[in-house]
Amino acid sequence: MLTAPLTVEVRRGAVAHLGALLADSRVATSGRVAVAVGSGQGDHISGMIAPTLGEAEVFRVPDGSVDAAVSLGADLRKGAYEAVVGIGGGKTIDVTKYAASLAGIPMVAVATNLSHDGICSPVSSLEHEGGKGSFGVPMPLALLVDLDFVHDAPPRLVRAGVGDVISNLSAIDDWQLGNVERGEPIDGLAVSMARTAAEAVLGRQDSIESDAFLTVLAESLILSGMSMVVAGSSRPSSGGDHEILHAIDQLYPGTSNHGELAGIGATFCYFLREEHRPLSLVVECLRAHDLPVTPGDIGLTNEQFCAAVMLAPSTRPGRYTILEHLRLSEAEVRDRVERYVRAVGN
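The model shown is predicted, which means the values in this text are computed figures rather than measured ones.

K.L.:
When you look at helix α11 (residues 258-273) in this model, what are you seeing that I'm missing?
P.N.:
Along an α-helix, a turn takes 3.6 residues, which lines up residues three or four apart on a common side. The terminal C-alpha atoms of α11 lie 23 Å apart, and with 16 residues this matches the ideal 22 Å at 1.5 Å per residue to within 8%. The buried count for α11 comes to 15 of 16 residues, which makes it a mostly enclosed element. Of the residues that open α11, the one with a side-chain oxygen 3.3 Å from the backbone nitrogen of glycine 259 is asparagine 257. Immediately beyond the C-terminal end of α11, within one or two residues, lies glutamate 274, with a positive phi of roughly 60 degrees.

Shown next as structure tokens:
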């Protein structure tokens, strides 16, 4: 059952209005609220929120690891806070979501970046000794996106959000394939939400320099996250594209960011399906936003990408996608990768 956030606000100056949201008794009755900020903009953000949040204790999130989330969760429990506000990019929000779930308190997300749909999803993607894993968490109680911060964020990270939300189209096709081949149930509302999110970005002619585009991108990422809540899983936004993404993260950590890898995974999966029209539209969109399309664009050789494709199905056991359907041999994968690079490289 979908439980929508109390509020979703995309605007300039959202951080400065945080105090008004926290005054809502549905968030906190006594006003005892903690704030978690990333290491990069922590001092700046702390100074901005001080006039509206008074004596709220500010915790620094050093990285995007499970250890950081567990440590923050312990601090939140000891402080008997009613809620926690996570302010920052994807890593900070993911850590705060997981920490809030450990502490059993609601979480308010204030996004300063739009790199992926984790800003409003029921999943935290966190690093651990074995690489990176996905952990189920409650969706944020409320969500603010501050466009002033988004404009100041590294452009590459903002563009990455395009890759992540566009990959929904490939994930939906994989879900429908699972329905046909395995009888897997499909949630029509979740599909509609995920598809609408992707198509809202797919055909736009403006870019991240525009407030209008950033607003649509933010709304699309939020809608994508909510589609996972409706589905009860990441199925509407994570298919073979994300299997490839996770495999690259495991084999070649630090190669690229989540959204860029999701975009490449989606284009390759469309190539495997031999669906030329969707492939052309997705490639055109990614190229328009200066996002990578081929392995070489992110510094991987064809052989390395082939290894990731071979590993990909094992990253999501039980999930049926075009990769599991085709069950290509290593030689076949190598051939497809080479043909894919020739087809879309130019």
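K.L.:
Teacher, can you tell me more about the packing of aromatic side chains here?
P.N.:
In this description, an aromatic ring pair is defined by two values, namely the gap between the centres and the angle between the planes. The final tally for this structure, using the stated rule, is 5 aromatic pairs. Where tyrosine 98 meets phenylalanine 135, the ring centres are 5.3 Å apart and the plane angle is 50 degrees; that geometry is what we call tilted. Taken as a pair, tyrosine 98 in helix α4 (residues 90-103) and phenylalanine 135 in strand β7 (residues 131-136) lie far apart in primary sequence, 37 residues in all. Between phenylalanine 271 and tyrosine 340 the ring centres are 5.6 Å apart and the planes differ by 65 degrees, which places this aromatic pair in the edge-to-face class.

K.L.:
Explain the packing of α11 against helix α12 (residues 276-288) here, please?
P.N.:
Helix-helix packing: each pair is described by the crossing angle between the helix axes and the interaxial distance. For the pair α11 and α12, the least separation of the axes is 9 Å and the interaxial angle reads 160 degrees. Viewed along their axes, α11 and α12 adopt a mutual orientation that is roughly antiparallel. The handedness of the crossing between α11 and α12 comes out as left-handed. Contacts from Gly263, Thr267, Tyr270 and Phe271 of α11 reach α12 at Pro278, Leu279, Val282, Val283 and Leu286. Of the residues assigned to the contact of α11 with α12, the class counts are 7 nonpolar, 2 polar and no charged.

K.L.:
Explain the side chain of serine 121 here, please?
P.N.:
Mapped onto the elements of the fold, serine 121 is located in the loop between β5 (107-111) and β6 (123-128). Under the relative-accessibility criterion, serine 121 is labelled buried at 2%.

K.L.:
Is there a simple way to explain helix α3 (residues 66-79) in this structure?
P.N.:
Between its terminal C-alpha atoms α3 stretches 20 Å, which fits the 20 Å expected from 14 residues at 1.5 Å a residue. Those residues of α3 that fall on the buried side of the exposure criterion are Val66, Ala68, Ala69, Leu72, Gly73, Leu76 and Gly79. Within α3, the buried residues cover an arc of 155 degrees as seen down the axis, which keeps them to one side. Away from its buried face, by an angle of more than 90 degrees, α3 presents the exposed residues Asp67 and Lys78. Its buried side turned inward, α3 meets β2 (33-38), β3 (57-61), β4 (83-88), α4, β6 and β7. Phi for alanine 80, located one or two positions after α3, is positive at around 50 degrees.

Rules of the game
Residues numbered from 1 in each chain as written. Predicted model: local features only at pLDDT ≥ 70, side-chain atom pairs only at ≥ 80, totals over all residues. Heavy atoms only, no water. Helix = DSSP H or I, 4+ residues; strand = E, 2+ residues; numbered from the N terminus. Expected span 1.5 Å × (residues − 1). Buried < 20%, exposed > 50% of the residue type's maximum accessible area, 1.4 Å probe, protein only. Polar contact = N/O pair within 3.5 Å; in protein donor to acceptor, adjacent residues only side chain to side chain. Phe/Tyr/Trp six-rings, centres within 6.5 Å; stacked < 30°, edge-to-face > 60°. Axes fitted to C-alpha atoms, helices over the stretch in contact; angles between N-to-C directions. Parallel < 35°, antiparallel > 145°, perpendicular 65-115°, else oblique. Left-handed = near helix turned anticlockwise from the far one by under 90°. Contact = heavy atoms within 4.5 Å. Nonpolar A, V, L, I, M, F, W, Y, C, P; charged D, E, K, R; others polar. Arc of directions from axis to C-beta.

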